[in-house]
Amino acid sequence: MIVADQISKHFNGVQAVKNISFEVKEGETMVLLGTSGCGKTTTLKMLNRLIEATSGSIYINGKSIFEENPELLRRTIGYVSQNNGLFPHFTVAENIAVVPKLLGWSAQNVADQTEKLLNRLKLPPSEFLKKYPDELSGGQKQRVAVARALIADPPVLLMDEPFGALDPVTRAGVRKEFAQLPELKKKTVVLVTHDVQEALELGDRICLMDKGEIVQQGSAKDLLFNPANDFVRSFFDEQRFFLELKNILLRDVWNALPNSKTTSKYNLAPENNLLDALEILSMNELDELTVQNGDEIKTINIAAIHQGYGRTRQNS
């Protein structure tokens with residue numbers, strides 16, 4: 001869906017992005033992760049020509065973006081920025097309707113789709129349609145920005161630190177709602193963040209950047225358990241144990257778990273992770289709980305969690 005080949009960007013002789021290449025497959029979420037100034041936002045904005053690349057090629061759905069009118073290109077790409085980008089003098093309804101009106105939608109179609117998205121994003125239309133941005137909380141503004149980006153059903157969605165301006169509690173809630181939106185299931189998403197947990201939760205694939213270059217790209221497990229170099233290894237050190245437990249699924253250690261004949265009160269699925277199991281055991285002061293995969297039932301306890309964690313690390 002998106003192919004970037006040897007793209008670079010120079011600002012006044014300074015190379016902000018240095019000949020990077022990547023591919024984002026249709027329906028995939030790719031995260032550009034890194035510290036401030038590493039080039040991730042510049043890279044994102046080159047994809048919809050908010051920033052023009054100095055060199056290289058970018059294709060979306062097989063077409064070079066440099067052969068398209070920038071304004072028409074952006075109408076086919078959803079975009080959410082950190083500061084939400086809402087027009088302060090427009091109501092919520094008017095903000096969401098900007099792109100559909102440019103595309104010539106009927107007023108009824110705009111209204112129907114707006115109400116549908118607001119309901120999905122837990123913003124009741126009867127309460128929020130006529131409000132202005134300065135009447136909304138930070139989380140509500142960002143939900144409206146997401147609705148505006150999604151309403152025209154673009155195949156590609158670009159998100160630049162979309163939850164970065166929110167407090168931690170609101171951020172976690174909005175992020176969870178975002179991940180569960182049915183409209184996202186068929187989208188090709190490129191998301192910029194410096195939040196490691198956010199990257200690993202939302203990304204199918206992660207590009208870790210440093211000094212304008214991609215240091216390593218792959219799944220969360222690739223970066224955690226098979227780091228390409230010391231930079232990648234140290235980048236995750238502060239939260240490593242928590243992140244590794246969260247990225248080892250119970251199906252990854254399934255064969256090492258003992259069988260059980262019945263399920264317990266707390267019964268997990270193979271898609272749950274070691275951290276889920278550890279938290280439930282600890283919070284409920286349990287000796288063990290069960291994991292069910294179809295008709296097959298296994299048990300897991302603290303010892304099995306430690307063994308599964310240790311075995312995964314040893315094999316990486």
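Here, every reference points to the structure presented above.
Here goes a summary of the coordinates provided. As the structure is a computational prediction, the values presented were derived from the model and not from experiment.

A closer look at the side chain of asparagine 247
Okay, step 1: Following the sequence through the fold, asparagine 247 ends up in the loop between helix 12 (240-246) and strand 11 (267-268).
Okay, step 2: A relative accessible area of 13% places asparagine 247 in the buried class.
Okay, step 3: In contact with asparagine 247, not counting residues within four places along its chain, are Leu200, Ala220, Lys221, Leu224 and Asp252.

Structural notes on the sheet that holds strand 3 (residues 29-33)
Okay, step 1: Pairing is mixed across the open sheet formed by six strands, whose spatial order is 6-7-8-3-9-10. Every other strand in the sheet has two partners, leaving strand 6 (77-80) and strand 10 (213-218) as the edge strands with one partner each. The average undirected angle you get between the axes of adjacent strands in this sheet is 15 degrees.
Okay, step 2: In terms of strand pairing, strand 6 meets strand 7 (residues 156-160) through four bridges, oriented parallel. For isoleucine 77, the partnering residue across the bridge sits in strand 7 and is valine 156.
Okay, step 3: Together, strand 6 and strand 7 form the strand contacts of helix 7 (residues 138-150), whose direction differs from that of strand 6 by roughly 170 degrees.

Structural notes on the state of the cysteines
Okay, step 1: The full count for this structure, using the stated rule, is zero disulfides.
Okay, step 2: The thiol of cysteine 38 is unpaired, and the distance to the nearest cysteine sulfur, on cysteine 207, comes to 11 Å.

Some remarks on unusual backbone geometry
Okay, step 1: Even without a glycine there, the phi angle at glutamine 6 is positive, about 55 degrees.
Okay, step 2: Tracing the backbone through its elements, the reader meets glutamine 6 in strand 1 (residues 2-11).
Okay, step 3: One non-glycine residue, lysine 122, adopts positive backbone phi at about 60 degrees.
Okay, step 4: Its relative accessible area of 60% is what places lysine 122 among the exposed residues.

Focus on the pairing of strand 7
Regular strands show a simple pattern: their side chains alternate between the two faces of the sheet.
Okay, step 1: When you tally the buried positions in strand 7, you get five out of five residues, the bulk of the element.
Okay, step 2: Here strand 7 shows two buried faces, one formed by Val156, Leu158 and Asp160 and the other by Leu157 and Met159.
Okay, step 3: Of the strand pairs in this sheet, strand 7 and strand 8 (residues 188-193) are connected by five bridges, and their pairing is parallel. Across the sheet, the residue bridging to leucine 157 is valine 189, located in strand 8.

Topic: the packing of helix 7 against helix 8 (residues 168-179)
Okay, step 1: Where helix 7 meets helix 8, the closest approach of the two axes is 10 Å, and the angle between their N-to-C directions is 25 degrees. Considered as vectors, helix 7 and helix 8 are oriented roughly parallel to each other. The way helix 7 lies across helix 8 gives a crossing that is right-handed. Residues Gly139, Arg143 and Val146 of helix 7 form the contact with helix 8, whose own contacting residues are Thr170, Val174, Glu177 and Phe178.

Details of the sheet that holds strand 1
Okay, step 1: Pairing is antiparallel across the open sheet formed by four strands, whose spatial order is 2-1-4-5. Both edges of this open sheet fall to strand 2 (14-24) and strand 5 (63-64), since each of them pairs with a single strand only.
Okay, step 2: Across five bridges, the pairing between strand 1 and strand 4 (residues 55-60) is antiparallel. Paired with isoleucine 2 across the two strands is isoleucine 60, which belongs to strand 4.
Okay, step 3: Helix 1 (residues 40-47) contacts strand 1, strand 2 and strand 4 of the sheet and is inclined by roughly 120 degrees relative to strand 1.

What to know about the nonpolar core
Okay, step 1: In this structure, Leu157, Phe178, Leu200, Phe236, Leu274 and Ile300 are the most contacted members of the largest nonpolar core, which totals 61 residues.
Okay, step 2: Per-element tally for this core: the top contributor is helix 7, with six residues.
Okay, step 3: One finds Val24, Leu73, Val192 and Cys207 within the second-largest nonpolar core, a separate group that totals 28 residues.

Let's talk about the pattern of salt bridges
Any two side chains of opposite charge can pair, given that their charged atoms come close.
Okay, step 1: Scanning the model with the defined rule gives eleven salt bridges in all.
Okay, step 2: Note that aspartate 153 and lysine 186 form a salt bridge whose closest N and O atoms lie 3.6 Å from each other. Of this pair, aspartate 153 sits in the loop between helix 7 and strand 7 while lysine 186 sits in the loop between helix 8 and strand 8, placing them 33 residues apart in sequence.
Okay, step 3: For aspartate 153, a relative accessible area of 41% translates into the label partly exposed.
Okay, step 4: Close ionic contact of lysine 246 with glutamate 201 constitutes a salt bridge, the shortest N to O distance being 2.8 Å.

The rules behind the values
- Residues numbered from 1 in each chain as written.
- Predicted model: local features only at pLDDT ≥ 70, side-chain atom pairs only at ≥ 80, totals over all residues.
- Heavy atoms only, no water.
- Helix = DSSP H or I, 4+ residues; strand = E, 2+ residues; numbered from the N terminus.
- Buried < 20%, exposed > 50% of the residue type's maximum accessible area, 1.4 Å probe, protein only.
- Contact = heavy atoms within 4.5 Å.
- Pairing = 2+ DSSP bridges.
- Axes fitted to C-alpha atoms, helices over the stretch in contact; angles between N-to-C directions.
- Disulfide = S-S within 2.5 Å.
- Parallel < 35°, antiparallel > 145°, perpendicular 65-115°, else oblique.
- Left-handed = near helix turned anticlockwise from the far one by under 90°.
- Core = buried A, V, L, I, M, F, W, Y, C linked by side-chain atoms within 4.5 Å.
- Salt bridge = Lys/Arg side-chain N within 4 Å of Asp/Glu carboxyl O.

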